[in-house]
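Breakdown of the fold
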Amino acid sequence: MGLLSILRKLRSSPEKELRLLLLGLDNAGKTTILKMLAAEDINHITPTAGFNIKSVIADGFKLNVWDIGGQRKIRPYWKNYFENTDILIYVVDSADKKRLEETGIELYELLGDEKLQAIPLLVYANKQDLPNSLPASDLAQALGLPTIKDRAWQIQSCVAIQGTGVKEGMEWACKTIKKK
Amino acid sequence: MSSFKREKKEEEDGGGNPFQNIEKTTVLQEARTFNETPVNPRKCTHILTKILYLLNQGEQFGSTEATEAFFAMTKLFQSKDVILRRMVYLGIKELSSIADDVIIVTSSLTKDMTGKEDLYRAAAIRALCSITDSTMLQAIERYMKQAIVDRNPAVSSAALVSSLHMTKIAGDVVKRWVNEAQEAVNSDNIMVQYHALGVLYHIRKSDRLAVTKLVAKLTRMSLKSPYAVCMLIRITAKLLEEEGDSGSSNNHLFEFIDSCLRHKSEMVTYEAAHAIVNLKRTSSRELAPAISILQLFCSSPKPTLRFAAVRTLNQVAISHPAAVTACNIDLENLISDSNRSIATLAITTLLKTGGESSVERLMKQISMFVSEISDEFKVVVVQAIRALALKFPRKHSVLMNFLSAMLREEGGFDYKASIADTIITIIEDNPDAKETGLAHLCEFIEDCEHTSLAVRILHLLGKEGPRTKQPSRYIRFIYNRVLLEDPRFRAGAVSAMAQFGATCPDLLENIQVLLTRCQMDPDDEVRDRATYYSNILSRQDKSLYNNYIIEPMKISISALERSLQEYIQGDTEESFDIKSIPVVSPLAAEEIQTTAQKTDGMLSSTGPSKPVQASREENYIKELSNVPELQQLGPLFKSSDVVELTESETEFVVRCIKHSYTKHLVLQFNCTNTLSDLLLENVRVQVDPSEGYNIVKEIPCPKLPYNETGTSYIILQFPNDLSQSVGTFGAVLKFIAKDCDPTTGIPDTDEGYGDEYILEDLEVTPSDQIQRVSKVNWTAAWDEATEANNYSMMNIVFSLSSVSTLEEAIKNVVQYLGLQAAEHSDKVPEGKTVHTLLLAGVFRGGADILAQAKLVLSDTVTMELTVKATEESVAELIVFAIE
Ligand SMILES: Nc1nc2c(ncn2[C@@H]2O[C@H](COP(=O)(O)OP(=O)(O)OP(=O)(O)O)[C@@H](O)[C@H]2O)c(=O)[nH]1
Ligand SMILES: [Mg+2]
């Protein structure tokens, strides 16, 4: 997409700004996904001590993506960033089976929060390139996603370091918003 | 005209200030806008400005509301508006100390500080350092190092100044940045060079050798920044002052400062002149060129230079009068300077150095404009008068008149207090001035709005009035205060009157009448005091007068409160023993003074130091209350000075504080581990006490990592035989050592090995067991002790072979015995070879001690020491201990 067409698109729908919240345990790959979306170098990513915020243009939307660090000591601050969220994106390291339960518990905390009520949920089953990773369908079962009735949800397998699957997830997100 | 009037009125209403009527709750409400998407930069910048304005006006933010505003503010990071972003940095800095959880912005700030946008970088560094604590500093260390040597001067300066602030929380980490700071000193930018020198010096300042090397190196290369040169001059001067005459590099150092007198920057020449003039060692020959510079500045067209010069001359007028006299003509010219501050300083300088004959003329000059200058400079005038009065006692009436005229004028508390202080000093110093001085003070309290000052003067009248020729004339002034509204005045007046009753038998009857009237007072305190004094005075018992009116025991009020509380909680069968309450030693007051005055002289980034409120014991009591084993020992009686048990720069640093209780001695050992590759466990000091002592308990310090200070205690029982309580203890530091990784501090193995380290011996002296007591009328107490039958007396004559002056002898005796000198008897009039030192104190357990030392100076000093104490063994101990 050329610069001009982006500008034109922006002008045609100036107030289409969306707020995306990127959460998940530490080391899940959130920052990598964010950088991939912004087409930035992913070689010097360090654990996020706080948050990163980037605005990217996609599908006629300006997406403000908030990536909040997943370390245990930062998780209590997640709630400060719930307000006005349009899409909740939850990133899971599919190969980290040891912390499957932990990531499930954190996700259910989020789904129970009033401020995130009925907000569409996108789960990235990341790191599918790793040999012993859980396929997206298994992960959906393990996280109990099929029981979710109060919101739209989707699970998308991806390999953030290669960029595969990231775009598909975003497309689902934009589509879901348009329907609303 | 009318429009002008309106404008003026608006100005008075604060119409010029758009933030005049803003309110915290409304602004915080508005701050919710920060959460909205998209961000409106203009609107948000405006709201942030309001928040900053409120914070700067001193508005208090609670931590919850501050935290909420803070998190809302973090949302603004999504905007790329430069102005807004920079406001956010300021907001982070301001809120960092009030809000919780500020570390959430760490990664955003780290990104901005290393990013491409130069406008962000310096400010992001400052904000980042304000939210960083010592544990997080490691994570950003790499970026800080890079920033210090950054090509952009704003970034480099920001990193350097932030480093300086960080030394307060993580000195060791900042120390590792020394190479980068070193590189930055070579910068072409004047601010970067200056800030880099600041950091370098701060890192090295506790290591004299390193400072010497730094100075040697920098004085040889020529620094480009005049600010840096000024700083180097200060460092050099400090080094010179510390080394005294012994330092070998002295000449080189002095030559450097001297050469700066010829620097092309005025700032530098002034700094050099200022340094030379203030150096104690400067000879008059070396002084001359510096004085010439100041003289030159005195006639500069720039008021700042004139001010700086005359202020410096003023400060050194006493120490270098001859040098200052050389500038007399210039100073005379400055008397009529249109800048009143300069004029004041000029006149007071002339006053300090002038002869007796010029006093009247100069005082007249001052009185012409004293009403026009600010209080701060009026205080300078008052100080000059104080110096004059001490120098020319015969001029006291001129000066007193002047002071009393000043007292009558309008002025703030500090100003009035300095006048009253000066009058009090003059009274104490010059018996001839006493009556006039007291008369002026009496007049002053007739119409004085400063309660604390008036109460102080009432107290002085009570102390001094009874000993004047005609005590009765003061009573009227004092009694007049009883008719005033403020109960604090009335209470002070009642106490002052009681002093007259106790000291002057012929006034007693009148005083009793007045006190009876005061017993009807509506205020509890006033009535209580009146009843108390009236009762004691009716007993006609001299010793009661002495102990309860003239010279009551000064006990620690907070300790009394605590003990009384404990007492009512326990069983109250036994009567309360007031002797168990620690007395307030007069030394504490002096300690407060010295701590308040001590400044580094270099980088005053900490702000004015707060005066120490509590006594030394009070401070320790807080610390000791954390140790349960110490709680059964009763109240703390005395804490010693800190004793170093190790040489400086050894592997372990051990300092000891001796705490005396009624029957126990507690040794507190503060141990520091300076080895980064060792973890110490079960750290304790083993002492080998002198005969008669019993070790009751040892409390080791469980764990002592690198660079931390831990505390271990030993509780001992004092010997029953008092004469054994003075002695020398051997001491050994014992511990289990574990090798560990220097960077993480984690031990390599669980196995440790026992090791020990010999410490210096520890002395227990009489002074550890004695509190000083200040006696205003020592002689009366001594006479009374002679009459009373509960005092034992001991006497001894011996020679102090190790000292050669009376001053030295006095200092040693006072220090060793821990008694307080009374009636200024620790000051020896010049040229005297015979002197009597009067001492007083109280022993642990409550025995009163009075001592008199007659000193005779021949080749050595011979001393006859007479001790009276309410316990024989205490008197014995003191006499034998001093031998
Ligand atoms: N093999 C593999 N590694 C990945 C993938 N995505 C991310 N990683 C790696 O996982 C590590 C963590 O990635 P981050 O993006 O920093 O994770 P994060 O979720 O942002 O972590 P926090 O900031 O601590 O919450 C990095 O070393 C990435 O290179 C992936 O798809 N495959
Ligand atoms: Mg991250």
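Located above this text is the structure these notes cover.
Cut-off values and rules
Residues numbered from 1 in each chain as written. Chains lettered and ligands numbered in written order. Predicted model: local features only at pLDDT ≥ 70, side-chain atom pairs only at ≥ 80, totals over all residues. Heavy atoms only, no water. Helix = DSSP H or I, 4+ residues; strand = E, 2+ residues; numbered from the N terminus. Buried < 20%, exposed > 50% of the residue type's maximum accessible area, 1.4 Å probe, protein only. Contact = heavy atoms within 4.5 Å. Near = heavy atom within 4 Å. Polar contact = N/O pair within 3.5 Å; in protein donor to acceptor, adjacent residues only side chain to side chain. Areas by Shrake-Rupley, 256 points an atom, 1.4 Å probe, with all protein chains shown as cover. Donors = N, O, S within 2.8 Å, 3.2 Å for Na, K, Ca; no water. Buried area = accessible area lost by both parts, 1.4 Å probe. Salt bridge = Lys/Arg side-chain N within 4 Å of Asp/Glu carboxyl O. Core = buried A, V, L, I, M, F, W, Y, C linked by side-chain atoms within 4.5 Å. Disulfide = S-S within 2.5 Å. Axes fitted to C-alpha atoms, helices over the stretch in contact; angles between N-to-C directions. Left-handed = near helix turned anticlockwise from the far one by under 90°. Nonpolar A, V, L, I, M, F, W, Y, C, P; charged D, E, K, R; others polar. Pairing = 2+ DSSP bridges. 1 Å grid on protein atoms, 1.4 Å probe; cavity = no way out; pocket = protein on both sides within 12 Å on 5 of 7 lines; lining within 4 Å. Points joined across faces, edges and corners; volume = space filled by probe spheres on them.

Attention shifts here to the overall build of chain A. Secondary structure summary: chain A contains five helices and six strands in total. Written out in order from the N terminus, the α and β elements of chain A read α-β-α-β-β-β-α-β-α-β-α. Across the 180 residues of chain A, 51% fall into the buried class. The long-range fraction of contacts in chain A, counting pairs at least 24 apart against all pairs at least 6 apart in sequence, stands at 73%.

Moving on: the site of ligand 1. Residues and elements named next belong to chain A. Close contacts around ligand 1 come from 20 residues, with Lys30, Thr31, Thr32, Thr48 and Gly70 the closest. Between an oxygen atom of ligand 1 and a side-chain N or O atom of lysine 30, the distance comes to 2.7 Å. Alanine 160 is positioned such that a nitrogen or oxygen atom in its backbone is 2.9 Å from an oxygen atom of ligand 1. With the chains in place, 82% of the 650 Å² that ligand 1 exposes on its own is no longer accessible. When residues of the shell around ligand 1 are assigned to their parent elements, the largest contribution, three residues, is made by helix 2 (residues 30-37).

This next bit is on the coordination of the magnesium ion (ligand 2). Residues and elements named next belong to chain A. Listed as protein donors to the magnesium ion (ligand 2) are Thr31 (OG1) and Thr48 (OG1); their distances from the metal cover 1.9 to 2.0 Å. Of the two residues, threonine 31 sits in helix 2 while threonine 48 sits in the loop between helix 2 and strand 2 (51-58), which places them 17 residues apart along the sequence. On the basis of relative accessible area, threonine 48 is assigned to the buried category, the value being 7%.

Another aspect to go through is the interface of chain B and chain A. Listed per partner, the contact involves 17 residues of chain B and 19 residues of chain A. Where chain B abuts chain A, roughly 1,700 Å² becomes buried across the two surfaces, and 54% of that area is made up of carbon and sulfur atoms. By the criterion of area lost to chain A, the three top residues of chain B are Lys75, Gln78 and Ile104 of chain B, representing 32% of everything that side buries. At the surface where chain B touches chain A, the tally comes to zero salt bridges. Across the chain B-chain A interface, the total number found is eight residue pairs in polar contact (both at pLDDT 80 or more). In terms of residue count, the dominant contributor to the side of chain B that touches chain A is helix 6 (residues 106-114) of chain B (four residues).

Moving on: the pattern of salt bridges. For the structure shown, the criterion picks out 39 salt bridges over all chains. The residue glutamate 106 of chain A makes a salt bridge to arginine 75 of chain A at a minimum N-O spacing of 3.0 Å. In this pair, glutamate 106 of chain A is assigned in helix 3 (residues 100-112) and arginine 75 of chain A in the loop between strand 3 (61-68) and strand 4 (87-93), connecting sequence segments 31 residues apart. Aspartate 521 of chain B is paired through a salt bridge with arginine 490 of chain B; the nearest N and O atoms lie 2.7 Å apart. With aspartate 521 of chain B in the loop between helix 29 (508-518) and helix 30 (524-537) and arginine 490 of chain B in helix 28 (residues 487-503), this residue pair connects regions lying 31 residues apart in the sequence. Take aspartate 521 of chain B and arginine 490 of chain B: they sit in the same class, and that class is buried. What emerges from the salt-bridge pattern is a single network uniting Asp26, Arg72, Arg75, Asp96, Arg99, Glu102 and Glu106 of chain A.

Residues and elements named next belong to chain B. In this structure, Phe34, Ile92, Leu109 and Met406 are the most contacted members of the largest nonpolar core, which totals 229 residues. Among the elements that take part in this core, helix 13 (residues 226-243) stands out by supplying ten residues, more than any other. For methionine 406, the contacting residues outside a window of four places in its chain are Val370, Lys378, Val381, Val382, Ile385, Tyr415, Lys416 and Ile419. Counting 35 residues, the second-largest nonpolar core is a separate cluster that includes Ile770, Phe798, Val828 and Ala869.

Residues and elements named next belong to chain B. Summed over the entire model, instances satisfying the criterion amount to zero disulfides over all chains. With no disulfide of its own, cysteine 327 lies 5.7 Å from the sulfur of cysteine 298, the closest cysteine sulfur. In this structure cysteine 327 comes out as buried when scored by relative accessible area, which is 0%.

Residue and element names in this part refer to chain A. Taken N-terminus to C-terminus, the directions of helix 3 and helix 4 (residues 136-143) make an angle of 65°; their axes are 10 Å apart at the nearest point. Considering only the axes of helix 3 and helix 4, their crossing is right-handed. Across from Leu100, Thr103, Gly104, Leu107 and Tyr108 in helix 3, the residues of helix 4 making contact are Leu139, Ala142 and Leu143. Class assignment for the residues of the contact of helix 3 with helix 4 results in six nonpolar, two polar and no charged.

Let us look at the sheet that holds strand 3 of chain A. Residues and elements named next belong to chain A. Pairing is mixed across the open sheet formed by six strands, whose spatial order is 2-3-1-4-5-6. The outermost strands of the open sheet, each flanked by one partner alone, are strand 2 and strand 6 (153-157). The mean inter-strand angle of the sheet, taken between neighbouring strand axes irrespective of direction, is 20°. Sheet strands in contact with helix 3 are strand 1 (17-23), strand 4 and strand 5 (121-126), and its direction is about 175° off that of strand 4. Relative to strand 5, helix 5 (residues 166-179) is tilted by about 175°, and along the sheet it contacts strand 1, strand 2, strand 3, strand 4, strand 5 and strand 6.

In this section: the layout of surface pockets. Here the second largest pocket is characterised by a volume of approximately 1,400 Å³. Lining the second largest pocket are 44 residues, with Lys35 and Asn52 of chain A together with Ser107, Thr110 and Lys111 of chain B sitting closest to its centre. For the lining of the second largest pocket, the elements supplying multiple residues, two or more each, are helix 2 and strand 2 of chain A together with helix 6 and helix 8 (134-148) of chain B. The biggest single contributor to the lining of the second largest pocket is helix 6 of chain B, with seven residues. Looking at the lining of the second largest pocket, its residues break down into 16 nonpolar, 16 polar and twelve charged.

Geometric descriptors of this kind do not, in isolation, establish any biological role.
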